[in-house]
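# Summary of the model geometry
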Amino acid sequence: MLNWHKKRIEETPQDVYHFEFGKFRNQIEGSFKTYVDELHRLTSEERQIQERLPANEEARKQEFRLYILAGAFLNLLLSLGVVVYFSRDIAARLNILSRNAELFVEHKPLLPPIVGNDEVAELDAAFRKMADDVTKAEEMKQAFVAMISHELRSTLSANKGAS
């Protein structure tokens, strides 16, 4: 289009070129009509999107709240599951300690040692050491009483025989 005007300027023998605005305007409008139509279409679509945006944003917020609520609920369930699992494990191990105390009082063999690296296993090991120490002390006491009894009987028998 501009080349056409340039050519007209070169072909015109006059010193001043007479510019035809109407013709130029028609050429420009014809060339840019598709661009203007596309611009109007895009503007219309953008308006529609902007009108729907608050509704979409509210729906996204609601969906986000739902995900947070579901996550919190799952977290609560998982926490409760972990608490139940560890509570049962600890309760079972403490029951073994309690039963060992009863067996010790009854002078019966203790249950197998509790395995692990936690406080309950350490308590079981300390209880077993205490039970061994008490058993050894009782054996030493019985041996001492037996020896004293033997010595006293020997001495009494010797004194009876001499009298």
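The paragraphs below set out a description of the structure included in this document. (Residues numbered from 1 in each chain as written. Predicted model: local features only at pLDDT ≥ 70, side-chain atom pairs only at ≥ 80, totals over all residues. Heavy atoms only, no water.)

## A word on the side chain of asparagine 100
Relative to the helices and strands, asparagine 100 resides in helix α2 (residues 21-105). Excluding residues that lie within four positions of it along the chain, asparagine 100 makes contacts with Leu110, Leu111, Asp124, Phe127 and Arg128. (Helix = DSSP H or I, 4+ residues; strand = E, 2+ residues; numbered from the N terminus. Contact = heavy atoms within 4.5 Å.)

## Brief notes about a nonpolar patch on the surface
A grouping of Leu78, Val82, Tyr85, Phe86, Ile90 and Leu94 is seen on the molecular surface, where their side chains present a nonpolar patch of about 600 Å² in accessible area. Relative to the helices and strands, leucine 94 is located in helix α2. (Patch = residues over 30% accessible without salt bridge, like charges linked within 9 Å, V, L, I, M, F, W, Y side chains within 5 Å. Areas by Shrake-Rupley, 256 points an atom, 1.4 Å probe, with all protein chains shown as cover. Salt bridge = Lys/Arg side-chain N within 4 Å of Asp/Glu carboxyl O.)

## Notes on the packing of aromatic side chains
How two aromatic rings sit relative to each other is set out by the distance from centre to centre and by the angle between their planes. Summed over the entire model, instances satisfying the criterion amount to two aromatic pairs. Ring plane angle 70° and centroid distance 5.2 Å describe the contact between tyrosine 85 and phenylalanine 86, whose orientation is recorded as edge-to-face. For tyrosine 85, a relative accessible area of 55% gives the class exposed. Note on phenylalanine 86: relative accessible area 46%, which makes it partly exposed. Between phenylalanine 104 and phenylalanine 127 the ring centres are 6.1 Å apart and the planes differ by 75°, which places this aromatic pair in the edge-to-face class. (Phe/Tyr/Trp six-rings, centres within 6.5 Å; stacked < 30°, edge-to-face > 60°. Buried < 20%, exposed > 50% of the residue type's maximum accessible area, 1.4 Å probe, protein only.)

## With respect to the pattern of salt bridges
Going through the model one piece at a time under the given rule, you end up with eight salt bridges. Of the charged contacts, one joins glutamate 106 and lysine 108 as a salt bridge, the two residues approaching to 3.4 Å between their closest N and O atoms. On the accessibility criterion, lysine 108 (47% relative accessible area) is partly exposed. Notably, a salt bridge pairs aspartate 124 with arginine 128, separated by 3.1 Å at the nearest N-O pair. Remark: arginine 128 and aspartate 124 occur in helix α3 (residues 119-162); sequence separation between them is four residues, near one turn of the helix. Residue classification places arginine 128 among the buried positions, given a relative accessible area of 17%. Here the residues in one salt-bridge network are Glu38, Arg41 and Glu45, joined through shared partners.

## Some details on the layout of surface pockets
Put simply, the largest pocket is a space of about 200 Å³. Taken together, Leu103, Phe104, His107, Lys108, Leu110, Ala131, Asp132, Val134, Thr135, Glu138, Glu139 and Gln142 make up the full set of residues lining the largest pocket. Listing elements by their share of the lining of the largest pocket, those giving two or more residues are α2 and α3. Of the residues in the lining of the largest pocket, the class split is five nonpolar, three polar and four charged. (1 Å grid on protein atoms, 1.4 Å probe; cavity = no way out; pocket = protein on both sides within 12 Å on 5 of 7 lines; lining within 4 Å. Points joined across faces, edges and corners; volume = space filled by probe spheres on them. Nonpolar A, V, L, I, M, F, W, Y, C, P; charged D, E, K, R; others polar.)

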